[in-house]
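Report on the structure
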Amino acid sequence: GHHTGGEGPRGRQAQDHGSNAGLTPEQLKNKVFVGGLPLHVDKDGLKDFFSVFGPVTDAIVMMDMNQHRSRGFGFVTFENGSGGAQKAIEAQPINMFGKMVEVKLATPKGDRDGSGGGAGGGGGAGNAFGGGGGFNKPFHRQNPQQVVMAPSAQSSGEFAGLASSYGRAGW
């Protein structure tokens, strides 16, 4: 069998960026999700097919435990630094044995790395809030306390007043 040289200079080079140490293939963007697989394709077939985009270090086809057959999707991990995942994504549409397959970057699992998803969500909220505040009331920026506190105090006072007057009016 021909081995793509994982032990070559490229392998060493990857270890030199200390930042990659301990990162998962998902975080390094070396792993792709492949959907819509022909059901006869197993992990070896998947690995062979995607080797055209770069050196494949790992391939897996998700199996249905009860039916003992492919569930029609899987994952392919490319060697770090090869750019294979990006090439496979850019090569779409990909026709695999007569079937169109969908390829996208595998995302890090939420339970293993919750901070990634959380930070993204927080950032989004922050932008929307900052953008909104800045847009509508640019001149109140120096004293955010006022902008936030005054309207809420007013409105709750108004509502309280309305409620009690309705109460007096015999509701």
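Owing to the predicted nature of the structure, the values given are computational and were not obtained by experimental measurement.

**Let's talk about the pattern of salt bridges**
Tallied over the full model, the rule gives two salt bridges. Between Glu26 and Lys31 there is a salt bridge; the shortest N-O distance is 3.1 Å. Accessibility expressed as a relative area gives 8% for Glu26, which makes it buried. Taking the relative accessible area as the measure of exposure, Lys31 reaches 16% and is therefore buried. Here Lys104 and Glu102 are joined by a salt bridge, their closest N and O atoms 3.6 Å apart. With a relative accessible area of 40%, Glu102 lands in the partly exposed category.

**Quick notes on the environment of Thr77**
Tracing the sequence through the fold places Thr77 in strand E3 (residues 69-78). With a relative accessible area of 8%, Thr77 lands in the buried category. Linking Thr77 and Ala59, residues 18 residues apart in sequence, is a C-alpha distance of 6.1 Å. What Thr77 contacts, discounting residues up to four positions off in sequence, is Pro25, Asn30, Lys31, Pro55, Val56, Thr57 and Asp58.

**As for the side chain of Asn30**
Its location among the elements puts Asn30 in the loop between helix H1 (9-16) and strand E1 (31-35). Judged by its relative accessible area of 7%, Asn30 is buried. In this structure the side chain of Asn30 is engaged in a polar contact, spanning 2.9 Å, whose partner is the side chain of Asn80. Once residues lying within four places of it in the same chain are set aside, the contact partners of Asn30 are Pro25, Val76, Thr77, Phe78, Glu79, Asn80, Gly81 and Ala85.

Conventions we followed
- Within every chain, residues take consecutive numbers counted from 1 along the sequence as written.
- Only residues with pLDDT of 70 or above have their local features reported here, since the model is predicted, and side-chain atom pairs are shown and tallied only from 80 upward, although totals for entire chains, interfaces and linings are computed over all residues.
- With hydrogens and water set aside, each side-chain value is computed from the structure's full complement of heavy atoms.
- When a carboxyl oxygen of Asp or Glu is within 4 Å of a side-chain nitrogen of Lys or Arg, the pair counts as a salt bridge.
- Relative accessibility thresholds used throughout: buried, under 20% of the residue-type maximum; exposed, over 50%; partly exposed, between the two (1.4 Å probe, protein chains only).
- Helix and strand definitions follow DSSP, with helices as H or I runs of at least four residues and strands as E runs of at least two, each counted in order from the N terminus.
- Contacts are assigned to residue pairs with any non-hydrogen atoms lying within 4.5 Å of each other.
- Polar contacts here mean pairs of N or O atoms no more than 3.5 Å apart (in protein, one a potential hydrogen donor and the other a potential acceptor; neighbouring residues in sequence count only if both atoms are side-chain atoms).

Any functional reading would require information beyond the geometric quantities listed.
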